[in-house]
Amino acid sequence: MPRLGDPVLLPVVDPALAPDIAADLGVPAIGGLLAGHSLILAPLTARGTVLGRVCFLRGPGRRPFDARDAATAAEVAARGAVHLDNARLHRLESRAAATLQRSMMPTRPPRIPGVQIAHHYMPGDRQAQVGGDWFDAIQLPGGRVALIVGDVMGHGLQAAAVMGQFRTSVITMAALDLPPAQLLRHLDNLAQRLGTDHLATCVYAVYDPIHRTLALANAGHIPPVLAGHDGRGELLQIPGGAPIGVGGVPFETVEIPAPDGSWLVLCTDGLVEVRGQGIDAGLAALCAHVIEPQQTPEDVCGQILGRVHSEDRRDDVALLVARFDGIAPQDVAQWRLRVDDSEVARARDLTRQQLAAWGLDRLSDTTELLVSELITNAIRAASYEVELRLMRVGKLLVEVSDDNHNLPQLQRAEADDVRGRGLALVSHMSRRWGTSRKAVGKVVWFELPLPS
(Lines give C-alpha, C1' and ligand atoms only; values in the text may rest on other atoms or scores of the structure.)
Protein backbone atom coordinates (compact mmCIF):
# COMPACT_ATOMS: atom_id res chain seq x y z
CA MET A 1 0.00 0.00 0.00
CA PRO A 2 1.69 3.25 -1.10
CA ARG A 3 1.99 6.08 1.39
CA LEU A 4 0.22 9.37 0.80
CA GLY A 5 2.44 11.41 -1.50
CA ASP A 6 4.19 8.39 -3.06
CA PRO A 7 3.89 7.79 -6.81
CA VAL A 8 1.31 5.29 -8.06
CA LEU A 9 2.66 2.63 -10.43
CA LEU A 10 0.44 0.64 -12.79
CA PRO A 11 2.63 -1.60 -14.99
CA VAL A 12 -0.36 -2.18 -17.30
CA VAL A 13 -3.64 -0.24 -17.11
CA ASP A 14 -6.64 -2.58 -16.98
CA PRO A 15 -9.20 -1.56 -19.65
CA ALA A 16 -11.92 -1.78 -17.01
CA LEU A 17 -10.12 0.79 -14.83
CA ALA A 18 -9.07 3.13 -17.64
CA PRO A 19 -12.27 5.29 -17.62
CA ASP A 20 -12.04 5.79 -13.83
CA ILE A 21 -8.36 6.75 -14.03
CA ALA A 22 -9.08 9.21 -16.84
CA ALA A 23 -11.93 10.74 -14.84
CA ASP A 24 -9.68 11.02 -11.80
CA LEU A 25 -7.11 12.84 -13.92
CA GLY A 26 -9.82 15.27 -14.99
CA VAL A 27 -9.66 14.23 -18.67
CA PRO A 28 -12.41 11.61 -19.20
CA ALA A 29 -11.93 11.69 -22.98
CA ILE A 30 -8.59 9.87 -22.77
CA GLY A 31 -10.00 6.80 -21.03
CA GLY A 32 -9.80 4.74 -24.20
CA LEU A 33 -6.17 5.69 -24.76
CA LEU A 34 -4.94 4.58 -21.32
CA ALA A 35 -5.90 0.92 -21.66
CA GLY A 36 -2.85 -1.30 -22.05
CA HIS A 37 -0.38 1.48 -21.30
CA SER A 38 2.10 1.52 -18.44
CA LEU A 39 1.39 4.46 -16.08
CA ILE A 40 3.03 6.36 -13.20
CA LEU A 41 1.15 9.08 -11.30
CA ALA A 42 3.54 11.23 -9.25
CA PRO A 43 2.28 14.03 -6.97
CA LEU A 44 3.75 17.53 -7.27
CA THR A 45 4.42 18.24 -3.59
CA ALA A 46 6.32 21.28 -2.32
CA ARG A 47 6.57 22.63 1.22
CA GLY A 48 3.89 20.18 2.39
CA THR A 49 1.37 21.26 -0.25
CA VAL A 50 0.20 19.13 -3.17
CA LEU A 51 0.18 21.41 -6.21
CA GLY A 52 -0.98 18.78 -8.68
CA ARG A 53 0.08 15.50 -10.30
CA VAL A 54 2.20 14.52 -13.25
CA CYS A 55 1.31 11.49 -15.37
CA PHE A 56 3.95 9.36 -17.15
CA LEU A 57 2.77 6.93 -19.86
CA ARG A 58 4.60 4.26 -21.81
CA GLY A 59 3.08 2.53 -24.84
CA PRO A 60 2.14 -1.19 -24.95
CA GLY A 61 5.03 -2.01 -27.29
CA ARG A 62 7.66 -0.98 -24.73
CA ARG A 63 8.87 -2.35 -21.40
CA PRO A 64 6.41 -1.52 -18.59
CA PHE A 65 7.43 0.89 -15.86
CA ASP A 66 8.96 -0.68 -12.74
CA ALA A 67 9.77 0.51 -9.22
CA ARG A 68 13.05 2.06 -10.38
CA ASP A 69 11.15 4.17 -12.94
CA ALA A 70 8.68 5.19 -10.26
CA ALA A 71 11.51 6.43 -8.03
CA THR A 72 12.96 8.45 -10.92
CA ALA A 73 9.52 9.90 -11.68
CA ALA A 74 9.10 10.87 -8.03
CA GLU A 75 12.45 12.71 -8.07
CA VAL A 76 11.57 14.57 -11.28
CA ALA A 77 8.16 15.51 -9.88
CA ALA A 78 9.66 16.73 -6.58
CA ARG A 79 12.12 19.02 -8.36
CA GLY A 80 9.45 20.32 -10.70
CA ALA A 81 7.11 20.99 -7.78
CA VAL A 82 9.73 23.16 -6.07
CA HIS A 83 10.17 25.24 -9.22
CA LEU A 84 6.41 25.59 -9.66
CA ASP A 85 6.00 26.64 -6.04
CA ASN A 86 8.80 29.16 -6.35
CA ALA A 87 7.09 30.64 -9.40
CA ARG A 88 3.78 30.75 -7.52
CA LEU A 89 5.35 32.51 -4.54
CA HIS A 90 7.18 34.91 -6.85
CA ARG A 91 3.91 35.82 -8.54
CA LEU A 92 2.19 36.35 -5.18
CA GLU A 93 5.02 38.56 -3.97
CA SER A 94 4.99 40.55 -7.21
CA ARG A 95 1.25 41.09 -6.90
CA ALA A 96 1.61 42.11 -3.25
CA ALA A 97 4.45 44.51 -4.12
CA ALA A 98 2.43 46.04 -6.96
CA THR A 99 -0.63 46.42 -4.73
CA LEU A 100 1.47 47.95 -1.94
CA GLN A 101 3.14 50.38 -4.31
CA ARG A 102 -0.11 51.48 -5.96
CA SER A 103 -1.67 52.07 -2.54
CA MET A 104 1.18 54.38 -1.52
CA MET A 105 1.49 56.39 -4.76
CA PRO A 106 -0.50 59.60 -5.31
CA THR A 107 -3.45 58.95 -7.58
CA ARG A 108 -3.80 62.41 -9.09
CA PRO A 109 -1.65 65.55 -9.03
CA PRO A 110 -2.71 68.33 -6.65
CA ARG A 111 -4.10 71.59 -7.98
CA ILE A 112 -1.58 74.20 -6.88
CA PRO A 113 -1.64 77.86 -7.97
CA GLY A 114 1.06 78.89 -10.43
CA VAL A 115 2.05 75.39 -11.55
CA GLN A 116 0.46 72.61 -13.59
CA ILE A 117 1.54 69.07 -12.74
CA ALA A 118 1.15 65.64 -14.29
CA HIS A 119 2.77 62.37 -13.30
CA HIS A 120 2.80 58.81 -14.55
CA TYR A 121 4.03 55.47 -13.24
CA MET A 122 4.72 52.51 -15.54
CA PRO A 123 5.71 49.09 -14.10
CA GLY A 124 8.57 47.09 -15.58
CA ASP A 125 8.16 44.11 -17.89
CA ARG A 126 6.81 40.76 -16.72
CA GLN A 127 10.27 39.36 -15.98
CA ALA A 128 11.12 42.23 -13.63
CA GLN A 129 9.55 42.76 -10.24
CA VAL A 130 7.99 46.01 -9.13
CA GLY A 131 10.64 48.55 -8.21
CA GLY A 132 10.68 51.34 -5.66
CA ASP A 133 10.08 54.38 -7.89
CA TRP A 134 7.96 57.20 -6.50
CA PHE A 135 7.00 60.83 -7.11
CA ASP A 136 5.18 63.53 -5.20
CA ALA A 137 4.02 67.13 -5.33
CA ILE A 138 3.53 68.82 -1.95
CA GLN A 139 2.08 72.29 -1.39
CA LEU A 140 4.23 74.51 0.84
CA PRO A 141 3.63 77.90 2.49
CA GLY A 142 3.94 81.00 0.33
CA GLY A 143 2.31 79.35 -2.67
CA ARG A 144 5.40 77.17 -3.22
CA VAL A 145 5.41 73.51 -4.19
CA ALA A 146 7.89 70.69 -3.57
CA LEU A 147 8.43 68.29 -6.49
CA ILE A 148 10.06 64.93 -5.76
CA VAL A 149 11.08 61.89 -7.77
CA GLY A 150 12.95 58.99 -6.18
CA ASP A 151 14.08 55.44 -6.89
CA VAL A 152 14.69 52.85 -4.17
CA MET A 153 17.43 50.40 -5.06
CA GLY A 154 16.15 46.85 -5.53
CA HIS A 155 12.88 45.29 -6.58
CA GLY A 156 9.95 43.43 -5.09
CA LEU A 157 8.06 43.73 -1.83
CA GLN A 158 11.08 44.99 0.11
CA ALA A 159 11.69 47.87 -2.32
CA ALA A 160 8.01 48.84 -2.27
CA ALA A 161 7.97 48.88 1.54
CA VAL A 162 11.14 51.00 1.71
CA MET A 163 9.64 53.35 -0.88
CA GLY A 164 6.62 53.85 1.36
CA GLN A 165 8.87 54.72 4.30
CA PHE A 166 10.87 57.22 2.26
CA ARG A 167 7.80 58.85 0.73
CA THR A 168 6.14 59.27 4.14
CA SER A 169 9.36 60.70 5.58
CA VAL A 170 9.72 63.22 2.74
CA ILE A 171 6.10 64.37 3.15
CA THR A 172 6.64 64.80 6.89
CA MET A 173 9.92 66.71 6.51
CA ALA A 174 8.53 68.84 3.67
CA ALA A 175 5.94 70.11 6.16
CA LEU A 176 8.87 71.54 8.17
CA ASP A 177 9.78 73.65 5.12
CA LEU A 178 13.42 72.59 5.14
CA PRO A 179 15.77 73.69 2.34
CA PRO A 180 16.28 70.89 -0.23
CA ALA A 181 19.83 69.96 0.82
CA GLN A 182 18.90 69.95 4.50
CA LEU A 183 15.88 67.75 3.83
CA LEU A 184 18.04 65.21 1.97
CA ARG A 185 20.53 65.25 4.86
CA HIS A 186 17.77 64.40 7.35
CA LEU A 187 16.44 61.71 5.01
CA ASP A 188 19.93 60.23 4.71
CA ASN A 189 20.33 60.13 8.50
CA LEU A 190 16.93 58.44 8.83
CA ALA A 191 17.83 55.83 6.19
CA GLN A 192 20.97 54.85 8.07
CA ARG A 193 18.99 54.37 11.28
CA LEU A 194 16.41 52.22 9.48
CA GLY A 195 18.98 49.78 8.06
CA THR A 196 21.74 49.23 5.55
CA ASP A 197 19.26 48.07 2.90
CA HIS A 198 17.53 51.47 2.79
CA LEU A 199 19.19 53.03 -0.26
CA ALA A 200 17.58 55.35 -2.80
CA THR A 201 18.34 58.11 -5.26
CA CYS A 202 16.21 61.24 -5.11
CA VAL A 203 15.76 64.75 -6.50
CA TYR A 204 13.97 67.29 -4.31
CA ALA A 205 12.97 70.60 -5.92
CA VAL A 206 11.03 73.59 -4.58
CA TYR A 207 9.34 75.99 -7.01
CA ASP A 208 8.41 79.50 -5.86
CA PRO A 209 5.73 80.92 -8.19
CA ILE A 210 5.99 84.40 -6.70
CA HIS A 211 9.76 84.88 -7.08
CA ARG A 212 9.97 82.53 -10.15
CA THR A 213 12.83 80.47 -8.71
CA LEU A 214 13.58 76.76 -8.49
CA ALA A 215 15.74 75.36 -5.67
CA LEU A 216 17.02 71.80 -6.13
CA ALA A 217 19.19 69.21 -4.42
CA ASN A 218 20.19 65.82 -5.80
CA ALA A 219 21.00 62.56 -4.03
CA GLY A 220 22.65 60.43 -6.71
CA HIS A 221 19.69 60.67 -9.10
CA ILE A 222 19.76 61.32 -12.83
CA PRO A 223 19.61 65.09 -13.42
CA PRO A 224 16.28 66.73 -14.23
CA VAL A 225 15.53 68.50 -17.50
CA LEU A 226 14.43 72.13 -17.60
CA ALA A 227 12.79 73.31 -20.83
CA GLY A 228 12.40 76.99 -21.62
CA HIS A 229 9.31 78.68 -23.01
CA ASP A 230 10.48 77.60 -26.48
CA GLY A 231 10.16 73.97 -25.38
CA ARG A 232 13.84 73.05 -25.79
CA GLY A 233 15.28 71.23 -22.82
CA GLU A 234 18.65 71.03 -21.15
CA LEU A 235 20.03 68.92 -18.31
CA LEU A 236 20.39 70.91 -15.12
CA GLN A 237 23.98 70.95 -13.93
CA ILE A 238 23.49 70.35 -10.22
CA PRO A 239 25.84 68.42 -7.91
CA GLY A 240 24.90 64.73 -8.03
CA GLY A 241 25.68 63.84 -4.43
CA ALA A 242 25.36 60.22 -3.32
CA PRO A 243 22.30 58.02 -2.82
CA ILE A 244 20.25 58.35 0.32
CA GLY A 245 21.53 55.88 2.91
CA VAL A 246 25.22 56.00 1.95
CA GLY A 247 26.02 58.56 4.64
CA GLY A 248 28.86 61.02 5.05
CA VAL A 249 28.29 62.77 1.70
CA PRO A 250 27.26 66.44 1.55
CA PHE A 251 24.22 67.64 -0.37
CA GLU A 252 24.06 71.04 -2.02
CA THR A 253 21.12 73.28 -2.87
CA VAL A 254 21.22 75.08 -6.22
CA GLU A 255 18.80 77.91 -7.02
CA ILE A 256 18.03 78.82 -10.62
CA PRO A 257 15.49 81.09 -12.36
CA ALA A 258 12.23 79.45 -13.45
CA PRO A 259 10.57 81.87 -15.89
CA ASP A 260 6.89 81.61 -16.68
CA GLY A 261 6.21 79.03 -19.38
CA SER A 262 9.20 76.84 -18.49
CA TRP A 263 8.91 73.11 -17.83
CA LEU A 264 10.59 70.73 -15.37
CA VAL A 265 10.86 67.04 -16.23
CA LEU A 266 11.79 64.63 -13.43
CA CYS A 267 12.08 60.89 -14.09
CA THR A 268 13.75 57.70 -12.93
CA ASP A 269 16.44 55.88 -14.87
CA GLY A 270 13.99 53.29 -16.20
CA LEU A 271 12.78 55.89 -18.69
CA VAL A 272 16.17 56.74 -20.21
CA GLU A 273 18.04 53.43 -20.01
CA VAL A 274 18.67 52.23 -23.56
CA ARG A 275 19.76 48.61 -23.94
CA GLY A 276 23.19 48.40 -25.54
CA GLN A 277 23.88 52.12 -24.98
CA GLY A 278 24.80 54.30 -22.05
CA ILE A 279 22.24 56.25 -20.09
CA ASP A 280 23.55 59.42 -21.75
CA ALA A 281 21.80 58.41 -24.99
CA GLY A 282 18.45 58.29 -23.24
CA LEU A 283 19.07 61.63 -21.50
CA ALA A 284 20.01 63.18 -24.84
CA ALA A 285 16.75 61.90 -26.34
CA LEU A 286 14.84 63.34 -23.39
CA CYS A 287 16.45 66.77 -23.87
CA ALA A 288 15.84 66.64 -27.64
CA HIS A 289 12.08 66.36 -27.07
CA VAL A 290 10.52 69.74 -27.87
CA ILE A 291 7.53 70.73 -25.73
CA GLU A 292 4.92 72.87 -27.50
CA PRO A 293 3.53 75.83 -25.50
CA GLN A 294 -0.09 74.77 -26.00
CA GLN A 295 0.46 71.28 -24.60
CA THR A 296 -0.78 70.25 -21.18
CA PRO A 297 1.45 68.37 -18.73
CA GLU A 298 -0.61 65.24 -19.44
CA ASP A 299 0.14 65.62 -23.16
CA VAL A 300 3.84 66.01 -22.44
CA CYS A 301 3.88 62.90 -20.23
CA GLY A 302 2.25 60.88 -23.00
CA GLN A 303 4.61 62.14 -25.69
CA ILE A 304 7.74 61.56 -23.60
CA LEU A 305 6.69 58.01 -22.81
CA GLY A 306 5.86 57.40 -26.46
CA ARG A 307 9.08 58.83 -27.93
CA VAL A 308 11.75 58.22 -25.31
CA HIS A 309 10.50 55.05 -23.69
CA SER A 310 11.96 51.81 -25.09
CA GLU A 311 9.85 48.71 -25.61
CA ASP A 312 12.57 46.42 -24.23
CA ARG A 313 12.58 48.28 -20.91
CA ARG A 314 13.08 46.10 -17.86
CA ASP A 315 12.83 48.63 -15.02
CA ASP A 316 9.78 50.56 -13.89
CA VAL A 317 9.36 54.25 -14.70
CA ALA A 318 8.27 57.27 -12.67
CA LEU A 319 7.76 60.51 -14.58
CA LEU A 320 6.71 63.93 -13.26
CA VAL A 321 6.20 66.96 -15.50
CA ALA A 322 5.53 70.47 -14.17
CA ARG A 323 4.74 73.63 -16.13
CA PHE A 324 5.64 76.83 -14.28
CA ASP A 325 3.10 79.61 -14.82
CA GLY A 326 3.89 81.76 -11.79
CA ILE A 327 1.51 83.95 -9.84
CA ALA A 328 0.96 87.44 -11.24
CA PRO A 329 2.44 90.18 -8.99
CA GLN A 330 -0.91 91.99 -8.90
CA ASP A 331 -2.45 88.88 -7.34
CA VAL A 332 -0.13 88.92 -4.32
CA ALA A 333 -0.02 91.42 -1.47
CA GLN A 334 2.17 91.12 1.61
CA TRP A 335 3.15 93.28 4.54
CA ARG A 336 5.57 93.05 7.44
CA LEU A 337 4.03 94.04 10.74
CA ARG A 338 5.64 95.10 13.99
CA VAL A 339 5.16 93.09 17.18
CA ASP A 340 2.72 95.61 18.55
CA ASP A 341 -0.98 95.32 19.35
CA SER A 342 -1.71 98.44 17.30
CA GLU A 343 -0.77 96.48 14.17
CA VAL A 344 -3.95 94.43 14.43
CA ALA A 345 -6.08 97.38 13.32
CA ARG A 346 -3.57 98.16 10.57
CA ALA A 347 -3.78 94.58 9.32
CA ARG A 348 -7.57 94.88 9.10
CA ASP A 349 -7.29 98.15 7.16
CA LEU A 350 -4.72 96.70 4.74
CA THR A 351 -6.90 93.64 4.18
CA ARG A 352 -10.00 95.75 3.51
CA GLN A 353 -8.18 98.00 1.05
CA GLN A 354 -6.62 95.10 -0.85
CA LEU A 355 -9.90 93.20 -1.15
CA ALA A 356 -11.57 96.36 -2.43
CA ALA A 357 -8.82 96.74 -5.05
CA TRP A 358 -9.45 93.17 -6.14
CA GLY A 359 -13.21 93.65 -6.24
CA LEU A 360 -13.73 91.19 -3.40
CA ASP A 361 -15.63 93.46 -1.01
CA ARG A 362 -18.09 90.63 -0.29
CA LEU A 363 -15.30 88.75 1.47
CA SER A 364 -14.14 91.73 3.49
CA ASP A 365 -16.04 91.17 6.75
CA THR A 366 -15.12 87.49 7.08
CA THR A 367 -11.51 88.00 6.01
CA GLU A 368 -10.96 90.97 8.33
CA LEU A 369 -12.31 89.00 11.29
CA LEU A 370 -10.11 85.97 10.63
CA VAL A 371 -7.04 88.09 9.88
CA SER A 372 -7.60 90.00 13.11
CA GLU A 373 -7.67 86.77 15.12
CA LEU A 374 -4.55 85.33 13.49
CA ILE A 375 -2.55 88.56 13.68
CA THR A 376 -3.43 88.88 17.37
CA ASN A 377 -2.18 85.34 18.05
CA ALA A 378 0.98 85.92 15.98
CA ILE A 379 1.86 89.17 17.81
CA ARG A 380 1.53 87.40 21.15
CA ALA A 381 3.86 84.59 20.03
CA ALA A 382 6.39 86.46 17.87
CA SER A 383 9.70 87.92 19.01
CA TYR A 384 10.65 90.14 16.07
CA GLU A 385 8.11 90.39 13.27
CA VAL A 386 4.85 89.15 11.77
CA GLU A 387 4.00 88.87 8.09
CA LEU A 388 0.58 88.99 6.41
CA ARG A 389 0.15 87.74 2.85
CA LEU A 390 -2.96 87.68 0.65
CA MET A 391 -3.09 85.80 -2.65
CA ARG A 392 -5.85 85.76 -5.26
CA VAL A 393 -5.27 82.42 -6.98
CA GLY A 394 -8.68 81.11 -8.01
CA LYS A 395 -9.50 81.45 -4.31
CA LEU A 396 -8.47 83.82 -1.56
CA LEU A 397 -5.46 82.41 0.28
CA VAL A 398 -4.40 84.22 3.45
CA GLU A 399 -1.18 83.43 5.35
CA VAL A 400 0.00 84.83 8.67
CA SER A 401 3.62 84.06 9.60
CA ASP A 402 5.69 84.72 12.70
CA ASP A 403 9.11 83.68 14.03
CA ASN A 404 7.83 81.33 16.77
CA HIS A 405 8.04 77.68 15.68
CA ASN A 406 5.37 76.39 18.13
CA LEU A 407 2.23 75.52 16.17
CA PRO A 408 -1.06 76.79 17.61
CA GLN A 409 -3.62 74.23 18.73
CA LEU A 410 -7.36 74.27 18.19
CA GLN A 411 -8.87 74.53 21.70
CA ARG A 412 -12.32 74.41 23.23
CA ALA A 413 -13.24 77.73 24.86
CA GLU A 414 -15.67 77.78 27.78
CA ALA A 415 -18.37 80.42 28.06
CA ASP A 416 -16.34 82.63 30.43
CA ASP A 417 -12.96 82.19 28.66
CA VAL A 418 -11.46 85.35 27.18
CA ARG A 419 -9.10 83.52 24.79
CA GLY A 420 -9.16 80.35 22.72
CA ARG A 421 -11.75 81.17 20.06
CA GLY A 422 -9.51 82.45 17.25
CA LEU A 423 -8.68 79.16 15.55
CA ALA A 424 -12.21 77.91 16.17
CA LEU A 425 -13.50 80.86 14.14
CA VAL A 426 -10.98 80.19 11.40
CA SER A 427 -11.94 76.52 11.30
CA HIS A 428 -15.66 77.30 11.21
CA MET A 429 -15.70 80.18 8.73
CA SER A 430 -13.01 79.21 6.19
CA ARG A 431 -13.20 76.54 3.51
CA ARG A 432 -9.81 75.10 4.46
CA TRP A 433 -7.14 76.06 6.95
CA GLY A 434 -3.93 74.69 8.38
CA THR A 435 -0.63 75.31 10.08
CA SER A 436 2.93 74.39 9.19
CA ARG A 437 6.45 75.20 10.25
CA LYS A 438 8.79 77.26 8.13
CA ALA A 439 12.57 77.31 8.07
CA VAL A 440 12.22 79.96 10.77
CA GLY A 441 8.93 80.13 12.62
CA LYS A 442 5.52 79.02 11.39
CA VAL A 443 2.62 79.97 9.17
CA VAL A 444 -1.13 79.73 9.75
CA TRP A 445 -3.26 79.91 6.60
CA PHE A 446 -6.87 79.74 5.48
CA GLU A 447 -8.79 79.76 2.21
CA LEU A 448 -12.05 81.38 1.18
CA PRO A 449 -13.85 80.73 -2.11
CA LEU A 450 -14.13 83.67 -4.47
CA PRO A 451 -17.66 85.02 -5.07
CA SER A 452 -19.21 83.53 -8.17
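On a predicted model such as this, the values are computed, not experimentally measured, just so you know. (Residues numbered from 1 in each chain as written. Predicted model: local features only at pLDDT ≥ 70, side-chain atom pairs only at ≥ 80, totals over all residues. Heavy atoms only, no water.)

**Student:** Before we go on, may I ask you to explain the overall build of the protein chain in this structure?
**Tutor:** Assigned secondary structure in the protein chain consists of 11 helices and 18 strands. Here the protein chain holds 452 residues, and the buried ones make up 47% of them. In the protein chain, the share of contacts with a sequence separation of at least 24, taken over all contacts with a separation of at least 6, comes to 68%. Only carbon and sulfur atoms are counted for the fraction: they give 53% of the accessible area of the protein chain, which is about 22,400 Å². (Helix = DSSP H or I, 4+ residues; strand = E, 2+ residues; numbered from the N terminus. Buried < 20%, exposed > 50% of the residue type's maximum accessible area, 1.4 Å probe, protein only. Contact = heavy atoms within 4.5 Å. Areas by Shrake-Rupley, 256 points an atom, 1.4 Å probe, with all protein chains shown as cover.)

**Student:** Just checking my understanding: could you explain the sheet that holds strand β3 (residues 49-58) for this structure?
**Tutor:** Two orientations exist for strands paired in a sheet by backbone hydrogen bonds: parallel and antiparallel. Read from one edge to the other, the open sheet built from three strands follows the order β1-β2-β3, with strand pairing classed as antiparallel. Whereas interior strands pair on both sides, the edge strands pair on one side only; in this sheet they are β1 (8-10) and β3. The average undirected angle you get between the axes of adjacent strands in this sheet is 15 degrees. Two elements, strand β2 (residues 38-46) and β3, share nine bridges in a ladder whose sense is antiparallel. Paired with Leu44 across the two strands is Gly52, which belongs to β3. (Pairing = 2+ DSSP bridges. Axes fitted to C-alpha atoms, helices over the stretch in contact; angles between N-to-C directions.)

**Student:** I tried to follow the pairing of strand β7 (residues 200-208) on my own but got confused; where do I start?
**Tutor:** Regular strands have side chains that alternate between both faces of the sheet. Within β7, nine of the nine residues are buried, which leaves the element mostly enclosed by the surrounding structure. Both faces of β7 are covered, namely the face carrying Ala200, Cys202, Tyr204, Val206 and Asp208 and the face carrying Thr201, Val203, Ala205 and Tyr207. Strand direction decides the pairing type here: strand β6 (residues 145-155) and β7, joined by eight bridges, are antiparallel. Residue Ile148 lies in a different strand from β7, and its bridge partner there is Tyr204. As paired strands, β7 and strand β8 (residues 213-219) are joined by seven bridges and run antiparallel to one another. Each bridged residue has a counterpart across the sheet, and for Tyr207 the counterpart in β8 is Leu214. In this structure, the hairpin formed by β7 and β8 is closed by a connection of four residues, where Arg212 is found at a positive phi of approximately 60 degrees.

**Student:** How do you make sense of helix α10 (residues 364-381) when you look at a structure like this?
**Tutor:** Side chains that are three or four residues apart share a direction in an α-helix, a result of its 3.6 residues per turn. Between its first and last C-alpha, α10 extends 25 Å over 18 residues, near the 26 Å set by a 1.5 Å rise per residue. Taken together, the buried positions of α10 are occupied by Ser364, Thr367, Glu368, Leu370, Val371, Ser372, Leu374, Ile375, Ala378 and Ile379. (Expected span 1.5 Å × (residues − 1).)

**Student:** Just checking my understanding: could you explain the sheet that holds strand β16 (residues 396-402) for this structure?
**Tutor:** Here we have five strands laid out as an open sheet, ordered β14-β15-β16-β18-β17, and antiparallel in their pairing. Among the strands making up the open sheet, the edge pair consists of β14 (332-338) and β17 (432-437). When the angles between neighbouring strand axes are averaged without regard to direction, this sheet yields 15 degrees. Both β16 and strand β18 (residues 442-448) contribute to a ladder of seven bridges, which runs antiparallel. Across the sheet, residue Val400 finds its bridge partner in β18, namely Val444. In this fold helix α9 (residues 343-357) packs onto β14, β15 (385-392) and β16, with an angle of close to 170 degrees to the strand it touches most, β14.

**Student:** So what exactly am I meant to see when it comes to empty space enclosed by the protein here?
**Tutor:** Here the idea is plain: a probe the size of a water molecule rolls over the atoms and shows the empty space left. Taken as a whole and judged by the stated rule, the model has one cavity of 30 Å³ or more. There is about 50 Å³ of room inside the largest cavity. Of all the secondary structure elements, the ones that give two or more residues to the lining of the largest cavity are β9 (225-227) and α7 (279-288). For the lining of the largest cavity, a count of residues per class yields seven nonpolar, three polar and no charged. (1 Å grid on protein atoms, 1.4 Å probe; cavity = no way out; pocket = protein on both sides within 12 Å on 5 of 7 lines; lining within 4 Å. Points joined across faces, edges and corners; volume = space filled by probe spheres on them. Nonpolar A, V, L, I, M, F, W, Y, C, P; charged D, E, K, R; others polar.)

**Student:** Which parts of the structure should I look at to understand the layout of surface pockets?
**Tutor:** Space inside the second largest pocket adds up to approximately 420 Å³. Around the second largest pocket sit 19 residues that line it, and Arg336, Glu387, Arg389, Ser401 and Lys438 are the ones nearest its centre. The set of elements that each furnish at least two residues to the lining of the second largest pocket consists of β14, β15 and β16. Here the lining of the second largest pocket gets four residues from one element, more than from any other, and that element is β15. Looking at the lining of the second largest pocket residue by residue, the classes come out as five nonpolar, four polar and 10 charged.

**Student:** How should I be thinking about the environment of Leu57 in this particular structure?
**Tutor:** Structurally, Leu57 is set in strand β3. Among residues more than four places away in sequence, those in contact with Leu57 are Leu34, His37, Ser38, Leu39 and Phe65.

**Student:** Please explain the packing of aromatic side chains as it appears in this structure.
**Tutor:** Each aromatic ring pair is specified by the distance between its two centres and by the angle formed by the two planes. Under the counting rule described, the total for this entry stands at two aromatic pairs. Seen in terms of ring centroids, Trp134 and Phe166 are 6.2 Å apart; in terms of plane orientation they differ by 25 degrees. Their pairing is stacked. Highlighted residues: Trp134 in strand β5 (residues 131-139) and Phe166 in helix α4 (residues 157-174), separated in sequence by 32 residues. Residues Trp134 and Phe166 agree in their burial class; the two are buried. Considering the side-chain rings of Tyr207 and Phe324, the 4.0 Å spacing of their centres and the 15 degrees angle between planes classify their relative orientation as stacked. (Phe/Tyr/Trp six-rings, centres within 6.5 Å; stacked < 30°, edge-to-face > 60°.)

**Student:** When you look at the side chain of Gln354 in this model, what are you seeing that I'm missing?
**Tutor:** With respect to the secondary-structure elements, Gln354 resides in helix α9. Not counting the four nearest positions on each side in its chain, Gln354 is found in contact with Ala333, Trp335 and Leu390.

**Student:** Teacher, can you tell me more about the pairing of β16 here?
**Tutor:** Across the seven residues of β16, seven count as buried, placing the element largely inside the fold. By the alternation rule, side chains of β16 split into Leu396, Val398, Val400 and Asp402 and Leu397, Glu399 and Ser401, which are all buried. As judged from the seven bridges shared by β15 and β16, these two strands associate in the antiparallel manner. Residue pairing for β16: Leu388 is matched across the bridge by Val400.

**Student:** I tried to follow the packing of α10 against helix α11 (residues 422-429) on my own but got confused; where do I start?
**Tutor:** Axis angle and axis distance: for two packed helices, these are the angle between their axes and the distance between the axes, and together they describe the pair. The geometry of α10 relative to α11 is characterised by a closest axis approach of 9 Å and an angle of 150 degrees between their N-to-C directions. Along this stretch, α10 crosses α11, giving a crossing that reads as left-handed. On the side of α10, the interface is formed by Thr366, Leu369, Leu370, Glu373 and Leu374, while α11 contributes Gly422, Leu423, Leu425, Val426 and Met429. In the contact of α10 with α11, the residues fall into seven nonpolar, two polar and one charged. (Left-handed = near helix turned anticlockwise from the far one by under 90°.)

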